[in-house]
There are 2 protein chains.
Amino acid sequence: MKLSSQAQAFVLHFGEMGSRWGFNRTVGQMFALLTINNGPMNADQLAEALKISRGNVSMGLKELQAWRLIELHHQPGDRKDYFTAAGSIWDLARTVFEERRKRELDPTLTLLRQLLLTEPRDEQETVAQKKIQEVYSLLEMLDQFANTLSKLDEKDLLKLMKLGSGLNKLLDLKAKATGSVSKGSGSKKGTSRT
Amino acid sequence: MKLSSQAQAFVLHFGEMGSRWGFNRTVGQMFALLTINNGPMNADQLAEALKISRGNVSMGLKELQAWRLIELHHQPGDRKDYFTAAGSIWDLARTVFEERRKRELDPTLTLLRQLLLTEPRDEQETVAQKKIQEVYSLLEMLDQFANTLSKLDEKDLLKLMKLGSGLNKLLDLKAKATGSVSKGSGSKKGTSRT
DNA sequence: TACAATTTTCAGAAATTTCTGAAAGTTAAG
DNA sequence: CTTAACTTTCAGAAATTTCTGAAAATTGTA
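In this text, all values refer to a predicted model and were calculated from it rather than measured experimentally.

Q: Lay out the overall build of chain A with the relevant residues and their values.
A: A tally of regular secondary structure across chain A gives eight helices and three strands. In sequence order, the secondary structure elements of chain A are arranged as α-α-β-α-α-β-β-α-α-α-α. Taking all 194 residues of chain A together, the buried fraction comes to 47%. Excluding contacts between residues fewer than 6 apart, the proportion of contacts in chain A whose partners are at least 24 apart in sequence is 53%.

Q: An account of the sheet that holds strand S3 (residues 82-85) of chain A is needed here, citing residue identities and associated values.
A: All names here are of chain A. With antiparallel pairing, three strands are arranged side by side in an open sheet as S1-S3-S2. Only two strands of the sheet have a single neighbouring strand rather than two, namely strand S1 (41-42) and strand S2 (70-73). As paired strands, S2 and S3 are joined by four bridges and run antiparallel to one another. From the neighbouring strand, Ile70 faces S3, where its bridge partner is Ala85. Packed onto the sheet, helix H4 (residues 54-66) meets S2 and S3 and runs at close to 115 degrees relative to S2.

Q: Summarise the protein's contact with DNA strand D; cite the residues concerned and give the values.
A: Neighbouring residues of DNA strand D: 18 residues in total, closest A:Arg54, A:Asp81, B:Thr26, B:Ser53 and B:Arg79. The sugar-phosphate share of atoms of DNA strand D within 4 Å of the protein amounts to 67%. One of the side-chain nitrogen or oxygen atoms of A:Ser58 is found 3.1 Å away from a phosphate oxygen of DNA strand D. Between B:Thr26 and DNA strand D, the recorded distance is 2.4 Å, taken from a side-chain N or O atom to a phosphate oxygen. When contributions to the surface near DNA strand D are tallied by element, the ones reaching two or more residues are H4 of chain A together with helix H4 (54-66) of chain B. Per-element tally for the surface near DNA strand D: the top contributor is H4(A), with five residues.

Q: Describe the packing of aromatic side chains, naming the residues involved and giving the relevant values.
A: Applying the stated criterion to the full structure yields four aromatic pairs over all chains. Note on A:Phe10 and A:Phe14: the rings are 4.7 Å apart at their centroids and 40 degrees apart in plane angle, and the pair reads as tilted. Highlighted residues: A:Phe10 and A:Phe14, both in helix H1 (residues 5-18), separated by four residues, approximately one helical turn. On the basis of relative accessible area, A:Phe10 is assigned to the buried category, the value being 2%. Relative to B:Trp67, the ring of B:Phe23 has its centre 5.1 Å away and its plane inclined at 75 degrees; by these criteria the two rings are edge-to-face. One end of the pair, B:Phe23, is in the loop between helix H1 (5-18) and helix H2 (25-36); the other, B:Trp67, is in the loop between H4 and strand S2 (70-73), with 44 residues separating them in the sequence. B:Trp67 carries the same exposure label as B:Phe23, and that label is buried. A cation sits over an aromatic face here: B:Arg103 above B:Trp67, 4.1 Å from the ring centre.

Q: Can you tell me about the relation of the copies chain A and chain B, naming the residues and giving the values?
A: The transformation that overlays chain A on chain B combines an axial shift of 0.0 Å with a rotation of 180 degrees, and the residual RMSD is 0.0 Å. Such a turn and shift between the copies fits a two-fold axis. Closest approach to the rotation axis among the C-alpha atoms of chain A is made by A:Arg20, whose C-alpha sits 3.3 Å away. Both copies share a contact surface, since 100% of the interface residues of chain A are interface residues in chain B too.

Q: I'd like a description of the confidence of the model for chain A, backed by residues and values.
A: Of the residues in chain A, 89% reach a pLDDT of 70 or more, and the chain-wide mean stands at 88. Per-residue pLDDT stays below 50 along residues 180-194 of chain A; that stretch engages in 14 contacts with residues further than four places along the chain or on separate chains.

Q: Provide a residue-level description of the sheet that holds S2(B), including the pertinent values.
A: Residue and element names in this part refer to chain B. Read across the open sheet, the three strands follow the order S1-S3-S2; overall the sheet is antiparallel. Because the sheet does not close on itself, it has two edges, and the strands there are strand S1 (41-42) and S2. Against the sheet, H2 engages S1, S2 and strand S3 (82-85), with an angle of about 85 degrees to S3.

Q: Report on the protein's contact with DNA strand C, specifying residues and quantitative values.
A: Around DNA strand C sit 18 residues, and of these A:Thr26, A:Ser53, A:Arg79, B:Arg54 and B:Asp81 come closest. For DNA strand C, the fraction of protein-proximal atoms (within 4 Å) that sit in sugar or phosphate groups is 65%. Contacts to DNA strand C include A:Ser53, whose backbone N or O atom sits 2.7 Å from a phosphate oxygen. The contact in question runs from a phosphate oxygen of DNA strand C to an N or O atom on the side chain of B:Arg54, over 2.7 Å.

Cut-offs used in this document
Residues numbered from 1 in each chain as written. Chains lettered and ligands numbered in written order. Predicted model: local features only at pLDDT ≥ 70, side-chain atom pairs only at ≥ 80, totals over all residues. Heavy atoms only, no water. Helix = DSSP H or I, 4+ residues; strand = E, 2+ residues; numbered from the N terminus. Buried < 20%, exposed > 50% of the residue type's maximum accessible area, 1.4 Å probe, protein only. Contact = heavy atoms within 4.5 Å. Pairing = 2+ DSSP bridges. Axes fitted to C-alpha atoms, helices over the stretch in contact; angles between N-to-C directions. Near = heavy atom within 4 Å. Polar contact = N/O pair within 3.5 Å; in protein donor to acceptor, adjacent residues only side chain to side chain. Phe/Tyr/Trp six-rings, centres within 6.5 Å; stacked < 30°, edge-to-face > 60°. Lys NZ or Arg CZ within 6 Å of the ring centre and 35° of its normal. Least-squares fit on C-alpha atoms with pLDDT ≥ 70 in both. pLDDT = per-residue confidence, 0-100.

Below, the structure is given as structure tokens:
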């Protein structure tokens, strides 16, 4: 199968970017190709289109399945395994998002939780402990937020993302509606510093 | 400088995770160490604590500066350069977030925009084009959302993240308050497929 | 200017990751 | 059971990334 120059560019780019998302170049390419291709592809077709070995394809497919990013299909009268990207673009994005959370955030939270159990022995360790606590709080909040986001359906996600600067007002709105959260001392912007 | 076993674990872990965040193991370790250490450190101290070469430290510091994650300080009467993590944990998180957007999302958007300019030549390319359009829409929305988030101050971010399941209700609230966004055809939940 | 302290650079070494392809494993059909 | 079609595995090769350390460059001081 010959790729159009368009498809070629798409596939190569997601190959490079892929490593950022947690898989290697070839796996990224395979996924990109399955995403833009019209209909399922089998391992030989992938190997030929991407000019990589059959064994490499096999390993890549395994990884993509572990990420739940592709699905297996069968064509009547053909013993080969065929694959497509699993679900809509939104589904794919959500899946990548969720998997990364599980693989990156969760282990870190586990470690930090453990570190926070030991008593600091001196000044140095007390400071470190405090920083670890801060990182932990931040990451845990992120984790919960990510969890919330990944449960929203496409419609609500769309709404939320489109809010833009409306988000500010919305947060005020909420504060008023519920009376929750500190009333704050106005504009404490320049506070952070080291 | 000897690291406590706590610091050791923290530093090693963020070394491993670091690669996910866009820099390599040693750079991740250096950053982690500067984050939990009480006070600034110079290049020699970093090299000794992490048991890596002086040259490696120099390269790592350069990269962390490019990420705007560390700041340079000087101690009176000492010609060495001293470094600390730049700003609060929140500042650091925001910076990493923003830098990653610039380095990953933006180039992808640029490429996709370009691909969308060429006319599809056949059925196959039409399908591909359509998929590319979907990916583009999604990523652009993400990009804008990320942009919005990174402009919120710590207080509002905190509010937003703590909303949890309240987010759902909030979105409804907003819809009612403004009358904006599609009225939708009720509950199209089961559409996605896995 | 001279010099000592310090940082940066970068070629090659070391470590790590990815890829290949042949062999082993699996499965459906007759 | 046997065979052919297909998939997976994995040892070693290839590619890529990271690291070292000595030499070059820079900087502040006198």
